[in-house]
Amino acid sequence: MVAKAYTVAFEGIDARIVEVQCAVTPGIPAFSVVGLPDKAVSEAKERVRAALTAMAIALPSKRITINLSPADLPKEGSHFDLPIALALLAALEIIPHEDAENTVALGELSLDGTLVPVVGALPAAMAAASDDRTLLCPHGCGAEAAWVGSAHVIAPRTLADVVRHYTGQSVIAASEPGEVNRSSSTRDLSEVKGQERAKRALEIAAAGRHHLILVGAPGSGKSMLAARIPGLLPPLTPGEALETSMIHSLSGLLDEGGINRERPFREPHHTASMAAIVGGGRSAKPGEISLAHNGVLFMDEFPEFARTVLETLRQPIETGEVVVARANAHVRYPCRFMLIAAANPCKCGHLADPARACTRAPICGEDYMGRISGPLMDRFDLRVEVPPVAFTDLDLPENGESTTTVAARVATARAAQSARFAGHDTARVNADAEGHLLEEIATPDSEGRTLLIKVAERFGLSARGYHRVLRVARTIADLDSAETVRKPHVAEAVSYRLAMAKEV
């Protein structure tokens, strides 16, 4: 007789149901796992054997075969330990067959039978709920998985607890969702002295999820400005929080099962590899652009990133998703992020100061910024020069607007966009609008259109650049609570678009 349990195999953020079949048959004693397992899955038999021995359960002198179906789907990870043990316990008639068959299980086993937390509990709970089954996972994963309200989650601490639960000796109560994590950041925009134009650009970027590049001398405050943008962004909606948390669950970034309503802020080092940024590796794991989904990707020292890494950003910026293709995996991850880039104007960083610039100025600046290709620069909606601040100004009292004040305007603008795009599956903010939808919401009045046409002809705006100016102008109008995009809105959007770089 064959006993069954169920688990999942991960393909990107999707969890595919895997049937774990266990057959105990006469023959030479053996314990084998088949169905395209990787090394970690193949070693599960030793962990399961040791865990059962710790519970004083002896395996019979028969042939034990575990089949993971579908057999042509690669199986990776230590989370197959618990479903294998569950199917084996059912085959040995220690727990009821029907209980094992109604369960989706995942978890790693210690040699003493303790259940070790694993990644991916949240997408596994989604798969269990859609398949109308109970999710069985380690205690450390229960609070995370319970966020899927439609899933019944059981989270024991040991394999012995599993047996006692299914035999009715000690029933385990369903897990409760973890706490909503709160941000402890105290960084305030008012702490930044000067840089009013850059602060305005941050506000516009936050309001419409526009991509922004800050260029200025070392110590002018580029990183300080970027570090304050999370405080300007509204909290994640419940749907966005679940999307983002599923990616973080696969990467093991959820803290004690808590869902974070703060938008992610990722800041990879400029030595990061292509796989680290866009995703990949042996198991095609999500990269920084996916971990920044619904949040911010801050790339300091932008020209110092490898050219191949920078160029891979172009397609995800446009499509909002990345496809990681490998010989043994082809997975798709969402990546709708706001890109904030910071760069020095040249290698020495003092191109604008004749007294401190190197002897190769201005050629050194052209060569340095030339590391950013024209097509990539074309994708930045806002381009801002950040001039150095005199040290004498650092003693001046704080007189700028606080993060709370600016965030309130951003929240109002975002609320207007949410109402505008209600019912649209592909657009949530102004940066997502395109085609007829963009024309409908962002067509300026006659004066604004005349100005935009003149600018497009004079500076040779690309079609992408033209549309990005319209999106930014729409966001500026939202910050002004204006129904129509007018000439001042277009003029301000154009001023950010034409700074520093030529159009392509």
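Shown above is the structure to which this text applies.
Because the structure is a prediction, the values reported are computed rather than measured. Residue indices follow the written sequence of each chain, beginning from 1 at its first position. Local features in this predicted model are restricted to residues whose pLDDT is 70 or higher, and side-chain atom pairs enter the listing and the counts only when it is 80 or higher, whereas totals over whole chains, interfaces and linings include all residues. Values reported for side chains reflect all heavy atoms of the structure, with hydrogen atoms and water molecules removed beforehand.

A.B. asks: Sorry, what's going on with the nonpolar core here?
C.D. replies: Note on soluble globular proteins: their nonpolar side chains tend to be buried together. Formed by 51 residues in total, the largest nonpolar core has its most connected members in Leu212, Ile229 and Ile340. The contact criterion used is simple: two residues touch if any of their non-hydrogen atoms lie within 4.5 Å. Ignoring anything within four residues of it in the chain, the contact list for Leu212 reads Ala201, Leu202, Ala205, Leu339, Ile340, Ala341, Phe380, Leu382 and Val384. Only buried Ala, Val, Leu, Ile, Met, Phe, Trp, Tyr and Cys residues count toward a nonpolar core, and they belong to the same one when joined by side-chain atoms within 4.5 Å. Buried residues are those whose accessible area, probed at 1.4 Å on protein chains only, stays under 20% of the maximum for their type, while exposed residues exceed 50% and partly exposed ones sit between those limits. Among the nonpolar cores identified, the runner-up in size contains 41 residues, and Ile66, Phe80, Ala87 and Ile172 belong to it.

A.B. asks: I tried to follow the side chain of Ser249 on my own but got confused; where do I start?
C.D. replies: When you line up the elements, Ser249 lands in helix 10 (residues 238-250). The buried category is assigned to Ser249, whose relative accessible area is 3%. Not counting chain neighbours up to four residues away, the residues in contact with Ser249 comprise Val119, Gly120, Ala121, Leu122, Pro123, Glu144 and Leu254. Secondary structure counts use DSSP, requiring at least four H or I residues in a row for a helix and at least two E residues in a row for a strand, with both numbered from the N terminus.

A.B. asks: Help me out: how do you make sense of the sheet that holds strand 13 (residues 265-266) in this one?
C.D. replies: The pairing of strands in a sheet comes from backbone hydrogen bonds and takes either a parallel or an antiparallel form. The strand order across the open sheet built from 5 strands is 13-14-17-11-18, with neighbouring strands paired in parallel fashion. Two strands bound the open sheet, and with one partner strand each, they are strand 13 and strand 18 (382-386). Paired strands are those between which DSSP finds at least two bridges. Alignment of strand 11 (residues 212-216) against strand 18, held across 5 bridges, turns out to be parallel. Among the inter-strand pairings, Leu212 is bridged to a residue of strand 18, identified as Leu382.

A.B. asks: What exactly am I supposed to notice about helix 8 (residues 196-208) here?
C.D. replies: Every α-helix winds through 3.6 residues per turn, so residues three or four apart in the chain are directed the same way. Taking 1.5 Å per residue, 13 residues should reach 18 Å; helix 8 reaches 19 Å between its end C-alpha atoms and fits that length. In terms of residue burial, helix 8 counts as a mostly covered element, since 10 of its 13 residues are buried. Along helix 8, the residues classified as buried are Ala198, Lys199, Ala201, Leu202, Glu203, Ile204, Ala205, Ala206, Ala207 and Gly208. The positive-phi residue at the C-terminal boundary of helix 8 is Arg209, with phi of around 55 degrees. By this rule the span expected of a helix is its residue count minus one, scaled by 1.5 Å.

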